[in-house]
Amino acid sequence: MLLFQGLESWGLLVLRVFLGIIFIYHGMPKLMMSGKMSKGMGWSSGSVFFLGLVELLSGIALILGFYAEIGALLVGLVMLGAIYHKIFVWHVPFSSMDKMGWEFDLILLGAAIALLFIGAGLYSLDYMLGIFP
């Protein structure tokens, strides 16, 4: 559409910021309450803490557009793991009225893959520093 032509980098900025906020939001509790969350996930508290650290740092990288492709790759891997666990370990359906299905995880994976392929755009530290032009 001609009306939005030339605004691609603004769209990438919006996508990066929103995706980054989601991962920071979900990473913080894993850092602050890793012991409690590990019981619900069936993981060690160290693994939950590491996952939270990856989510937090990747979210910050996405928001700033600093090594955004690496951040996108990491959150994509996190989402692949989440989808795997929901389908094969916890037997969660794609969508459900009484619990979160894995449809949310799938759209986050899609957003991460899009950023991995397209890059951070002009409004990013990557572009300003010439890291990933």
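The text that follows walks through the structure, step by step, so that each part is easy to find. (Residues numbered from 1 in each chain as written. Predicted model: local features only at pLDDT ≥ 70, side-chain atom pairs only at ≥ 80, totals over all residues. Heavy atoms only, no water.)

1. As for the overall build of the protein
Next, step 1: In terms of helices and strands, the protein carries six helices and zero strands.
Next, step 2: For the protein, the succession of helices and strands along the chain, N to C, is α-α-α-α-α-α.
Next, step 3: Viewed in the frame of its principal axes, the protein has a C-alpha envelope of about 50 × 30 × 20 Å.
Next, step 4: Within the span of the protein, comprising 133 residues, buried residues form 37% of the whole.
Next, step 5: Put simply, of all contacts in the protein between residues at least 6 apart along the chain, 61% involve residues at least 24 apart.
Next, step 6: Of the roughly 8100 Å² of accessible surface on the protein, 76% is carried by carbon and sulfur atoms. (Helix = DSSP H or I, 4+ residues; strand = E, 2+ residues; numbered from the N terminus. Buried < 20%, exposed > 50% of the residue type's maximum accessible area, 1.4 Å probe, protein only. Contact = heavy atoms within 4.5 Å. Areas by Shrake-Rupley, 256 points an atom, 1.4 Å probe, with all protein chains shown as cover.)

2. A closer look at the side chain of Glu69
Next, step 1: On the secondary structure map, Glu69 appears in helix H4 (residues 68-89).
Next, step 2: Salt bridges are absent for the buried Glu69, whose nearest opposite-charge side chain, Arg16, sits at 8.6 Å.
Next, step 3: If we ignore the near neighbours within four places in the chain, the residues touching Glu69 are Leu115, Leu116, Gly119, Ala120, Asp126 and Phe132. (Lys, Arg positive; Asp, Glu negative; His and termini not counted. Salt bridge = Lys/Arg side-chain N within 4 Å of Asp/Glu carboxyl O.)

3. Observations concerning the layout of surface pockets
Next, step 1: In this model, the largest pocket occupies a volume close to 650 Å³.
Next, step 2: Lining the largest pocket are 24 residues, with Lys30, Met41, Glu55, Ala82 and Trp90 positioned closest to its centre.
Next, step 3: Per element, the largest residue contribution to the lining of the largest pocket is six residues, and it comes from H4.
Next, step 4: A per-class count over the lining of the largest pocket returns 15 nonpolar, five polar and four charged. (1 Å grid on protein atoms, 1.4 Å probe; cavity = no way out; pocket = protein on both sides within 12 Å on 5 of 7 lines; lining within 4 Å. Points joined across faces, edges and corners; volume = space filled by probe spheres on them. Nonpolar A, V, L, I, M, F, W, Y, C, P; charged D, E, K, R; others polar.)

4. Quick word on the packing of helix H1 (residues 8-32) against H4
Next, step 1: At their nearest, the axes of H1 and H4 sit 12 Å apart, and the two run at 50 degrees to each other. With respect to each other, H1 and H4 are oriented oblique. Judged by the twist between their axes, the crossing of H1 over H4 is left-handed. Mapping the contact onto sequence places Arg16, Leu19 and Phe23 in H1 and Ala68, Val75, Val78 and Met79 in H4.
Next, step 2: Within the contact of H1 with H4, the residues separate by chemical class into six nonpolar, no polar and one charged. (Axes fitted to C-alpha atoms, helices over the stretch in contact; angles between N-to-C directions. Parallel < 35°, antiparallel > 145°, perpendicular 65-115°, else oblique. Left-handed = near helix turned anticlockwise from the far one by under 90°.)

5. Here's the deal with helix H5 (residues 103-118)
Next, step 1: In this model, H5 (16 residues) spans 23 Å end to end at C-alpha, consistent with the 22 Å of a helix rising 1.5 Å per residue.
Next, step 2: When H5 is considered as a whole, its buried residues turn out to be Asp105, Leu108, Leu109, Ala111, Ala112 and Leu115. Buried residues in H5, looked at end-on, bunch into an arc of 160 degrees, giving them a common side. Along H5, exposed side chains directed more than 90 degrees from the buried face belong to Ile107, Phe117 and Ile118. (Expected span 1.5 Å × (residues − 1). Arc of directions from axis to C-beta.)

6. Describing the nonpolar core
Next, step 1: One finds Leu19, Phe23, Leu62, Val75, Val78, Met79 and Leu115 to be the most contacted residues of the largest nonpolar core, which totals 22 residues.
Next, step 2: Elements represented by at least two residues in this core include exactly H1, helix H3 (45-64), H4 and H5.
Next, step 3: Sort the elements by how many residues they give to this core and H4 lands first, with seven residues.
Next, step 4: Residues contacting Met79, with those up to four places away along its chain left out, are Phe23, Asp105, Leu108 and Leu109. (Core = buried A, V, L, I, M, F, W, Y, C linked by side-chain atoms within 4.5 Å.)

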